Amino acid sequence: MPQFQEKSLFETWPALRYVIYAIIALILSVLHVVFLNLISVSSITPDLLLVLCVWISITEGQFIGIFAGFGCGLLFDVLSADVLGTNALAKTLAAFVAGYFFKAKFTDQTIGSYKFIVAVFVCSMVHNLTYFFFYVRPTEISFSGFFLKYGIASTLYTSVSAVFPMLIKAQKLTVRH
Amino acid sequence: MYRIIEFIVRFKEYVSLSAVVVICFSLMTFGNVAQLGGFRSVVVGGIGWLQNAFSWIPNPVALKSENAALRELNYQLSDERAKIRQSLIENEKLRKLLEFKKQTTFPVVSADVVGKTTTEVRNYATLNKGAEDGIEEGMTVMTDAGIAGLIIAASKNYSLVRLLINRDSRVAAKIQRSRIDGILVWEDDQTMIMKNIPKSYDVKIGDDVITSAYSNRFPQNIMIGRVTDVRADSSSLFRKIIVTPAVNFSSLEQVFVVKMLPDKERVALEKEIEERWKSRNSQQR
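Just so we're clear, the structure is a prediction, and the values are computed from it rather than from any experiment. (Residues numbered from 1 in each chain as written. Chains lettered and ligands numbered in written order. Predicted model: local features only at pLDDT ≥ 70, side-chain atom pairs only at ≥ 80, totals over all residues. Heavy atoms only, no water.)

Now, about the overall build of chain A: what can you tell me, with residues and values included?
From N to C terminus, chain A includes nine helices and zero strands. The order of α-helices and β-strands along chain A, N terminus first, is α-α-α-α-α-α-α-α-α. Per-residue burial for chain A yields a buried fraction of 47% across its 177 residues. Within chain A, residue pairs in contact and separated by at least 24 positions form 69% of the contacts whose partners lie at least 6 positions apart. Per element, the accessible surface of chain A, about 9400 Å² overall, is 70% carbon and sulfur. (Helix = DSSP H or I, 4+ residues; strand = E, 2+ residues; numbered from the N terminus. Buried < 20%, exposed > 50% of the residue type's maximum accessible area, 1.4 Å probe, protein only. Contact = heavy atoms within 4.5 Å. Areas by Shrake-Rupley, 256 points an atom, 1.4 Å probe, with all protein chains shown as cover.)

Help me get a handle on the overall build of chain B, residues and values and all.
Along its length, chain B carries five helices and 12 strands. Within the span of chain B, comprising 285 residues, buried residues form 30% of the whole. Look at the contacts in chain B between residues 6 or more apart in sequence, and 59% of them connect residues 24 or more apart. Split by element, the accessible area of chain B, about 18500 Å² in all, is 55% carbon and sulfur.

Provide a residue-level description of empty space enclosed by the protein, including the pertinent values.
Residues and elements named next belong to chain B. All told, the structure shown has one cavity of 30 Å³ or more when counted by the stated rule. When its volume is computed, the largest cavity comes out at roughly 50 Å³. Lining the largest cavity, in full, are Gly149, Leu150, Arg162, Leu163, Leu164, Ser169, Arg170, Val171, Arg217 and Phe218. Elements with a contribution of two residues or more to the lining of the largest cavity: β4 (147–154), β5 (159–163) and β6 (170–175). A per-class count over the lining of the largest cavity returns five nonpolar, two polar and three charged. (1 Å grid on protein atoms, 1.4 Å probe; cavity = no way out; pocket = protein on both sides within 12 Å on 5 of 7 lines; lining within 4 Å. Points joined across faces, edges and corners; volume = space filled by probe spheres on them. Nonpolar A, V, L, I, M, F, W, Y, C, P; charged D, E, K, R; others polar.)

Give a description of the pattern of salt bridges that names residues and reports values.
Applying the stated criterion to the full structure yields eight salt bridges over all chains. Residue Asp47(A) is joined to Lys91(A) by a salt bridge in which the shortest nitrogen-to-oxygen separation is 3.0 Å. A residue pair is termed long-range when its members are at least 10 positions apart, and Asp47(A) in the loop between α2 (16–34) and α3 (48–60) and Lys91(A) in helix α5 (residues 86–98) qualify at 44 residues. Just as Asp47(A) is buried, Lys91(A) falls in that class too. The salt bridge involving Asp108(A) is made with Lys169(A); its shortest N-O contact spans 3.2 Å. Within this pair, whereas Asp108(A) is found in helix α6 (residues 107–111), its partner Lys169(A) is found in helix α9 (residues 163–176), the two being separated by 61 residues in sequence. For the pair formed by Asp108(A) and Lys169(A), the shared burial category is buried. A network of salt bridges, in which partner residues are shared, links Arg177(B), Asp202(B) and Asp207(B). (Salt bridge = Lys/Arg side-chain N within 4 Å of Asp/Glu carboxyl O.)

An account of the interface of chain A and chain B is needed here, citing residue identities and associated values.
The interface is formed by 28 residues belonging to chain A together with 25 residues belonging to chain B. Buried area between chain A and chain B, summed over both chains or domains, comes out near 2400 Å², and the portion from carbon and sulfur atoms is 80%. For the pair chain A and chain B, the interface holds zero salt bridges. For the side of chain A that touches chain B, the elements supplying multiple residues, two or more each, are α2, α4 (62–79) and α5 of chain A. Within the side of chain A that touches chain B, the residues separate by chemical class into 20 nonpolar, six polar and two charged. (Buried area = accessible area lost by both parts, 1.4 Å probe.)

How would you explain a nonpolar patch on the surface if you had to name every residue and give the values?
On the surface, a cluster of nonpolar side chains totalling about 1000 Å² of accessible area is made up of Tyr100(A), Met1(B), Ile4(B), Ile5(B), Phe7(B), Ile8(B), Val9(B), Phe11(B), Tyr14(B) and Val15(B). Elements supplying a minimum of two residues to the nonpolar patch: α1 (2–10) and α2 (12–30) of chain B. Sorting elements by how many residues they give to the nonpolar patch places α1(B) first, with five residues. Summarising the element assignment, Val9(B) is placed in helix α1. On the accessibility criterion, Val9(B) (55% relative accessible area) is exposed. (Patch = residues over 30% accessible without salt bridge, like charges linked within 9 Å, V, L, I, M, F, W, Y side chains within 5 Å.)

Which residues make up the pairing of β5(B), and what are the values?
Residues and elements named next belong to chain B. Counted residue by residue, β5 has four buried out of five residues, so it is predominantly covered. Strand direction decides the pairing type here: β4 and β5, joined by five bridges, are antiparallel. Paired with Leu150 across the strands is Arg162, a residue of β5. Connecting β4 to the next strand, β5, in antiparallel fashion are four residues. (Pairing = 2+ DSSP bridges.)

Which residues make up the nonpolar core, and what are the values?
A general feature of soluble globular proteins is that nonpolar side chains tend to end up buried together. By size, the foremost hydrophobic cluster in this structure holds 44 residues, and its most contacted members are Leu127(B), Val141(B), Ile151(B), Leu184(B), Met194(B), Val209(B) and Phe249(B). Setting aside chain neighbours within four positions, we find Ile151(B) in contact with Leu127(B), Ile135(B), Glu136(B), Glu137(B), Gly138(B), Met139(B), Val141(B), Ser159(B), Leu160(B), Val161(B) and Val257(B). (Core = buried A, V, L, I, M, F, W, Y, C linked by side-chain atoms within 4.5 Å.)

Let's hear about the sheet that holds strand β11 (residues 238–245) of chain B: which residues, and what values?
All names here are of chain B. The strand order around the closed barrel formed by six strands is β6-β7-β8-β11-β10-β9, and the pairing between neighbours is antiparallel. Strand-to-strand twist in this sheet, taken as the mean axis angle between neighbours without regard to direction, amounts to 45°. Note that β6 and strand β7 (residues 180–188) share six bridges and pair antiparallel. Bridge assignment links Ala172 to a residue of β7, and that residue is Ile183. (Axes fitted to C-alpha atoms, helices over the stretch in contact; angles between N-to-C directions.)

Residue-level account of the layout of surface pockets, with values.
As a volume, the largest pocket reaches approximately 820 Å³. Lining the largest pocket are 30 residues, and of these Asn216(B), Arg217(B), Val267(B), Glu270(B) and Glu274(B) lie nearest its centre. Looking at the lining of the largest pocket, the elements that each hand over two or more residues are β4, β6, β7 and α5 (264–284) of chain B. Looking at the lining of the largest pocket element by element, the count peaks at seven residues for α5(B). Considering only enclosed or pocket space, the second largest pocket measures out at about 650 Å³ in volume. Lining the second largest pocket we find 27 residues, and of these His32(A), Ser43(A), Thr45(A), Phe76(A) and Tyr131(A) sit closest to its centre. The element best represented in the lining of the second largest pocket is helix α7 (residues 114–136) of chain A, accounting for six residues. Among the residues forming the lining of the second largest pocket, the class breakdown is 11 nonpolar, 13 polar and three charged.

Put into structure tokens, the structure is as follows:
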């Protein structure tokens, strides 16, 4: 008698993961535009979409991460009425860098540890360097001054916000073990 | 061809990154927002609706900064309001002074009060004009309201005024309505007193008091003040006339110095006679 093996929904439809990512990205984009000013400190807000991009890159690998970064960035460009392509480029590069933290079979351990915060910090720095470079380009604002003022603060705030998904993942890992 | 495909598969991350970066740059360069047309307007409308729907949620950080900004604005406005009020008062005073300067027949020099001294109930004021402006000792100081005092010293750029409310002040005065003469001396605080006025003389509360022609210090017919009280002295035939100066000394800021000195010949003659009387009296004693 053949043994019946119960399969999870994700195993049945592997593409469902990407649909879930897309829905989360859409929700985070709307949250970012509508509600994030509620927790802004001196007009600095955490970039939750970037945290998602890093998460996807660490979970799925660099190749998928690149497209996730591009998609998330483009979505945010459209929703935030920003110059089309700026967030897309910044998040693509950030997701590419995040791909270097990808370790197959150890993704949960990476996300549930301080490595995730380090990854978010590095990727956020790359993201903000790219984004603010194009942001201040048409103006006469000094890039270095602007980046030191807003880029570093935004990087730190985003890194702090990445602590929550890391803790959730760490708790899940503890329960599983 | 196989090699190309193998290369792409092998370096798919870098190839896809390059492709995506090129797309991003193309979007930045050629991506016209207007091309998104209706879609963009739907997005903006939707986001706007959401923001409006959740606008009731208080933002503590924004409220705090708004509160701080409003406090600062409130302080600035209060400060501005005080300055405007000060300017209005000053403007009104200067207008009166200007009108007075036009009306008066005396040659006058306008000056600002830069200091006031109230020591041992001797009231003095320092003016920012001195000998260089033609001010000399003995000149009369007045405002649009009336007599303020007498110059008692003058340096190159400053001069000192002995105010009317000073224990050394003595002014030959006259009740304007009934032409009764008397000597006005400082009593206390902001009041002066006219002594030795017979009870039978016609003096009423509210009568104006002006400088008399008998004065060898002040020009005649200049307002000094107003009778505010008439006190009968039961032990004598005289009564005390209380006069409140027309000038408000507590808010004295701008004054005029009358560039006229008393007639030196008259002053010298009166002084000589006075000294003669004094010496005769001392000899008789």
